[in-house]
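Secondary and tertiary structure notes
Single-letter residue listing:
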Amino acid sequence: MNRDERVVRELVGAHGQTYAEEAGIRLKDTPQPLYRLLVLAHLLSARIRGSIAVATARALYEAGLRDPRRMAGADWQERVDALGRGGYRRYDERTATQLGDAAELLTERWGGDLRRLRREADGKLSELRHLLQEFPGVGPAGADIFLREVQLVWPEAAPYLDRKALQGAERLGLPKTPDRLVELAGTTEPAVLAAALVRAAVDKEVAEDALRRAG
C-alpha cells in the first residue's frame, strides 16, 4: 500500500461520516429523506460551521418541519424559532423565508418529490445541478453539497467530488483528479470519500490527524 492509499484509508476510517448521516438522515431514494437532504445542503452552504448546520437540520426535523408540505405550512416565526434552536441565528430570518419559498416551489413544480426533479434532469448531471439551484438559497455550493451526498442513492451523480472535496485532497497532498481519488479509495463509496475530503478541507485538524495516522 503506497502513501496516498494509506492517507485515504486513514482519512475515511476516522472521518468518513457523511453529513446526512451526522444529521440523522437515513438516506434513501424516497421523498422525505431527499427533502431533508436538500434542507441540509441549503443550511451547509452558508458561511457557518458545519456542526451548527447539522444541529439546525435536526432542530427543524424535531419541530416537525420534515417535508415540504409542513415546511410551507408553518408560519415564518415557527421556522425562525426552529433555526434559532439549532444555533443558526446569523441567517435565521432570511433562511426562514427561503425555506418556505423553496418548499412551495418543490410542492408546486415537482409534487413535493425530488425524484420528479431527478426524472426531469433525465440523467444529465449538469441539468440536475441547474435545477437544484432554482430553489431559493441553494446556489452552486448548495447544489454541490446535495450532489456529493445524494450520489449514494442517485448513481448517475457518482463519482461527485466537487471543488471543496478536491481542496481537501490538495491539503492532504493527494492527487486532485476525481478518478484517481476514487481509485485510491477502493471499495469506499464516493459519497463517503467526498465527505471525508470535505472535512479535511474545512478542518485542518482532520487533515493533520489523517496524515499522522498514515505515518
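Residues numbered from 1 in each chain as written. Predicted model: local features only at pLDDT ≥ 70, side-chain atom pairs only at ≥ 80, totals over all residues. Heavy atoms only, no water.

It is worth spelling out the packing of helix 8 (residues 114-121) against helix 9 (residues 125-132) at this point. Their axes nearest at 8 Å, the elements helix 8 and helix 9 cross at an angle of 135 degrees. With respect to each other, helix 8 and helix 9 are oriented oblique. In this structure, helix 8 crosses over helix 9, and the sense of that crossing is right-handed. Together, Leu117, Arg118, Glu120 and Ala121 of helix 8 and Glu127, Leu128, Leu131 and Leu132 of helix 9 make up the contact between the two elements. By residue class, the composition of the contact of helix 8 with helix 9 is five nonpolar, no polar and three charged. (Axes fitted to C-alpha atoms, helices over the stretch in contact; angles between N-to-C directions. Helix = DSSP H or I, 4+ residues; strand = E, 2+ residues; numbered from the N terminus. Parallel < 35°, antiparallel > 145°, perpendicular 65-115°, else oblique. Left-handed = near helix turned anticlockwise from the far one by under 90°. Contact = heavy atoms within 4.5 Å. Nonpolar A, V, L, I, M, F, W, Y, C, P; charged D, E, K, R; others polar.)

Before going further, it helps to examine the side chain of glutamine 151. Among the secondary structure elements, glutamine 151 is positioned in the loop between helix 10 (140-150) and helix 11 (163-171). Among all residues touching glutamine 151, those that are not within four sequence positions of it are Ala157, Ala158, Pro159, Tyr160, Pro190, Ala191 and Ala194.

Turning next to a positive patch on the surface. Together, Arg47, Arg90, Arg163 and Lys164 make up a region of like positive charge exposed at the surface. Relative to the assigned elements, arginine 47 resides in the loop between helix 3 (31-44) and helix 4 (50-62). (Patch = residues over 30% accessible without salt bridge, like charges linked within 9 Å, V, L, I, M, F, W, Y side chains within 5 Å. Areas by Shrake-Rupley, 256 points an atom, 1.4 Å probe, with all protein chains shown as cover. Salt bridge = Lys/Arg side-chain N within 4 Å of Asp/Glu carboxyl O. Lys, Arg positive; Asp, Glu negative; His and termini not counted. Charge placed at Lys NZ, Arg CZ, Asp CG, Glu CD.)

Here we come to unusual backbone geometry. The amide bond that connects alanine 158 to the next residue, proline 159, takes the cis arrangement and shows omega of -10 degrees. Inspection of the secondary structure puts proline 159 in the loop between helix 10 and helix 11.

Inspection of every chain in the model, using the stated rule, returns 16 salt bridges. Residues aspartate 67 and arginine 70 are paired through a salt bridge, measuring 3.7 Å at the closest nitrogen-oxygen approach. Between arginine 109 and glutamate 120 there is a salt bridge whose closest N-O contact spans 3.0 Å. In this pair, arginine 109 is assigned in helix 7 (residues 92-110) and glutamate 120 in helix 8, connecting sequence segments eleven residues apart.

In this model, helix 4 (13 residues) spans 18 Å end to end at C-alpha, consistent with the 18 Å of a helix rising 1.5 Å per residue. Residues of helix 4 that are buried: Ile52, Ala53, Val54, Thr56, Ala57, Ala59 and Leu60. Buried-residue contacts for helix 4 involve helix 2 (19-22), helix 3, helix 5 (68-73), helix 6 (76-85) and helix 7. Positive phi shows up at glycine 64, right after helix 4, with a value of about 90 degrees. (Expected span 1.5 Å × (residues − 1). Buried < 20%, exposed > 50% of the residue type's maximum accessible area, 1.4 Å probe, protein only.)

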